[in-house]
Amino acid sequence: MKRGTVMVTALYVLTLISVFAGIGRLSMPRRERAPLNTWTLRDVYFNVRRGLAVVSGFGPPDPASRHAGQPLGR
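Residues numbered from 1 in each chain as written. Predicted model: local features only at pLDDT ≥ 70, side-chain atom pairs only at ≥ 80, totals over all residues. Heavy atoms only, no water.

1. Some words on the overall build of the chain
Line of reasoning, step 1. Along the backbone of the chain there are two helices and zero strands.
Line of reasoning, step 2. By residue count, 11% of the 74 residues in the chain fall in the buried class.
Line of reasoning, step 3. Surface exposure of the chain reaches about 6600 Å², of which carbon and sulfur atoms provide 64%. (Helix = DSSP H or I, 4+ residues; strand = E, 2+ residues; numbered from the N terminus. Buried < 20%, exposed > 50% of the residue type's maximum accessible area, 1.4 Å probe, protein only. Areas by Shrake-Rupley, 256 points an atom, 1.4 Å probe, with all protein chains shown as cover.)

2. Structural notes on a nonpolar patch on the surface
Line of reasoning, step 1. A cluster of nonpolar side chains, Tyr12, Val13, Leu16 and Ile17, forms an exposed patch at the surface whose accessible area comes to about 350 Å².
Line of reasoning, step 2. Tracing the backbone through its elements, the reader meets Tyr12 in helix H1 (residues 3-26).
Line of reasoning, step 3. The exposed category is assigned to Tyr12, whose relative accessible area is 54%. (Patch = residues over 30% accessible without salt bridge, like charges linked within 9 Å, V, L, I, M, F, W, Y side chains within 5 Å. Salt bridge = Lys/Arg side-chain N within 4 Å of Asp/Glu carboxyl O.)

In short, the description is geometric, and any link to function would need to be established separately.
Structure (structure tokens):
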């Protein structure tokens, strides 16, 4: 592999990790969030897992989705 390809791949993976960690962090209540400057690798790991669960649909169900497709007013 060329050096440029490795750098682009690493940047892509780092961006994905950052996006999923951010989604995971935003999916929890504000009072439970750890400040970004105190994150450890363990925090990143669990926030990425939570972000993946939210995006993939394996997270807690959305209460509004129970009524999707039903007529309004019932």
